[in-house]
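Topology and contacts: notes
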Amino acid sequence: MDLEKTLLRKVGEAVTRFKMIRDGDRVAVALSGGKDSLTMLEALVLLRDRAPIQFTVCAFTVEQGKFLRPIEPMGEYLKSRGIDWTYHTDNPSIRLIDEQPDHGCDLCSRFRRRAVYQIARELGANVIAFGHTADDLCESFLRNALFTGRISALPPVTWSSKKDFRLIRPLVFVTEDITTRFAESLGAPVIPCGCSQKTGTVRRSLRDILGELEKEHPRLKESLLSAMGNIQTDRLLDTRYLPDDGPVETPEETNPLVVVR
Ligand code: SF4
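Topic: the overall build of the protein
Across its full length, the protein holds ten helices and six strands. Radius of gyration (C-alpha) of the protein: 20 Å, near the 18 Å computed for a compact globule of 261 residues. Dimensions of the protein, computed from C-alpha atoms along their principal axes, come out at roughly 60 × 50 × 40 Å. Within the span of the protein, comprising 261 residues, buried residues form 25% of the whole.

Take a look at the structure:
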């Protein structure tokens, strides 16, 4: 199937199912410089032009001192596409690199979040779109289950703490093989971030494990995504969701090994 059609179908499904965008919204797209957020921006612009509701789209990038190449080609590309783009250098983040070169992601993302809200406010946006993909959701789901003891991933829609911005993730059903091919087809310049080259992280390990399993089971991520939308609370161990006297067993569950296999 045509790549653009596939992308729009998946983004459209997420936007509709989770009521991400509403009439009159101004959506600010967080562009990281990578293939995913560029793909998301293009998809939202295409949807804007076809949707039965009215909404506007603008884009911004926060410079935190971690880009490995000059950002200007991306600005030129966006200008040629007629996209309203704001490039903001976040000086506190730049100072953080000097003062604490080994800072972790928690600090870096706290600085970024503060800058993102400030920019979105200046742009008059009420919605901020982030480019987390289906791959990110799957990795987050596995990371939480394996390392933090929770069944949880990333919310498709949430709110900033003061409820002044709706935060949306339109790519939750879009895998990175699609964003990679789509960004290539656009000829858009991708600006890598130093962190994308990190090895030895949990994220990288989970990505490798999934990639290895996918060689034999190509629909693995689809299945994981379905699982996140199909929770059988009475088949888990959280007593908040279990009937007082336990669920009724179905015949195929009599032998637990049948289920576990
Ligand atoms: S991966 Fe790099 S850019 Fe991303 S939050 Fe962590 S430190 Fe910041």
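Concerning the site of the ligand
In the vicinity of the ligand, the residues found are Lys-66, Cys-105, Cys-108, Ser-109, Cys-193 and Cys-195. When grouped by side-chain class, the residues that make up the shell around the ligand number four nonpolar, one polar and one charged.

Some words on the packing of helix α6 (residues 134–148) against helix α8 (residues 202–216)
Orientation of α6 relative to α8, taken along the N-to-C sense of each, is 110°, at an axis distance of 10 Å. By the criterion of interaxial angle, the relationship of α6 to α8 is roughly perpendicular. At the point where α6 passes α8, the crossing takes the right-handed sense. Note on element contacts: α8 touches α6 through Val-202, Arg-203, Leu-206, Arg-207 and Leu-210, opposite Cys-138, Glu-139, Leu-142, Arg-143 and Phe-147. Here the contact of α6 with α8 is composed, by residue class, of six nonpolar, no polar and four charged.

Examining the sheet that holds strand β3 (residues 85–89)
Strands sit in the order β3-β2-β1-β4-β6-β5 across an open sheet of six strands; the sheet is mixed. Each edge of the open sheet is held by one strand with a lone partner, namely β3 and β5 (157–159). For this sheet, the mean inter-axis angle between neighbouring strands, taken without regard to orientation, is 25°. The pairing of strand β1 (residues 26–30) with strand β2 (residues 56–63) spans five bridges and is parallel. Note that in β2 the partner of Val-29 across the bridge is Ala-59. Contacts from helix α2 (residues 35–50) reach β1, β2 and β4 (127–129) within the one sheet, and its direction differs from that of β1 by about 160°. The strands touched by helix α5 (residues 105–122) are β1, β2, β3 and β4; relative to β2, the strand with the most contacts, the crossing angle is about 145°.

Considerations on the nonpolar core
One recurring pattern in soluble globular proteins: nonpolar side chains tend to sit buried together. With 43 residues, the main nonpolar core has Val-27, Ala-28, Val-29, Leu-44, Val-127, Ile-128 and Ala-129 as its most contacted residues. Discounting residues that sit within four places of it in the chain, Val-29 has contacts with Ser-37, Met-40, Leu-41, Leu-44, Val-57, Ala-59 and Ala-129.

What about unusual backbone geometry?
Backbone geometry places Lys-19, a non-glycine residue, at a positive phi of 50°. At Lys-163, a residue that is not glycine, the phi angle is positive and equals roughly 65°. Turning to its location among the elements, Lys-163 is positioned in the loop between β5 and β6 (166–168).

Observations concerning the pairing of β1
Regular strands show a simple pattern: their side chains alternate between the two faces of the sheet. Within β1, four of the five residues are buried, which leaves the element mostly enclosed by the surrounding structure. With α2 bridging β1 and the parallel β2, this β-α-β connection has right-handed handedness. Sheet topology note: the β1/β4 ladder contains three bridges and is parallel. If you follow Val-29 over to β4, its bridge partner there is Ala-129.

Overview of the pairing of β2
Across five bridges, the pairing between β2 and β3 is parallel. Bridging from a neighbouring strand, Phe-60 pairs with Thr-86 of β3. In the classification by handedness, the crossover that spans β2, the intervening helix α3 (residues 72–80) and the parallel β3 is right-handed.

As for the environment of Gln-100
For Gln-100, the location among the structural elements is in the loop between α4 (91–99) and α5. With 83 residues separating them along the chain, Gln-100 and Arg-17 place their C-alpha atoms 42 Å apart.

Digging into the packing of helix α1 (residues 3–17) against α2
Direction vectors running N to C along α1 and α2 enclose 80°, while the axes themselves pass 10 Å from each other. As summarised for this structure, α1 and α2 are arranged roughly perpendicular, according to the angle between their axes. Contact residues: Leu-7, Leu-8, Val-11, Gly-12 and Val-15 in α1; Thr-39, Ala-43, Leu-46 and Leu-47 in α2. The residue makeup of the contact of α1 with α2, split by class, is seven nonpolar, two polar and no charged.

Considerations on α2
Over its 16 residues, α2 extends 23 Å from the first C-alpha to the last, a length consistent with the 22 Å expected when each residue adds 1.5 Å. Buried residues along α2 sit against α1, β1, β2, β4 and α7 (176–186).

Each value, and the rule that gives it
- Residues numbered from 1 in each chain as written.
- Predicted model: local features only at pLDDT ≥ 70, side-chain atom pairs only at ≥ 80, totals over all residues.
- Helix = DSSP H or I, 4+ residues; strand = E, 2+ residues; numbered from the N terminus.
- Rg over C-alpha atoms; globule rule 2.2 N^0.38 Å.
- Buried ≥ 20, exposed ≤ 12 C-beta atoms within 10 Å, placed from the backbone.
- Near = placed C-beta within 6 Å.
- Nonpolar A, V, L, I, M, F, W, Y, C, P; charged D, E, K, R; others polar.
- Axes fitted to C-alpha atoms, helices over the stretch in contact; angles between N-to-C directions.
- Parallel < 35°, antiparallel > 145°, perpendicular 65-115°, else oblique.
- Left-handed = near helix turned anticlockwise from the far one by under 90°.
- Contact = placed C-beta atoms within 7 Å.
- Pairing = 2+ DSSP bridges.
- Core = buried A, V, L, I, M, F, W, Y, C linked by C-beta atoms within 7 Å.
- Right-handed = clockwise from strand over helix to strand, strands pointing away.
- Expected span 1.5 Å × (residues − 1).

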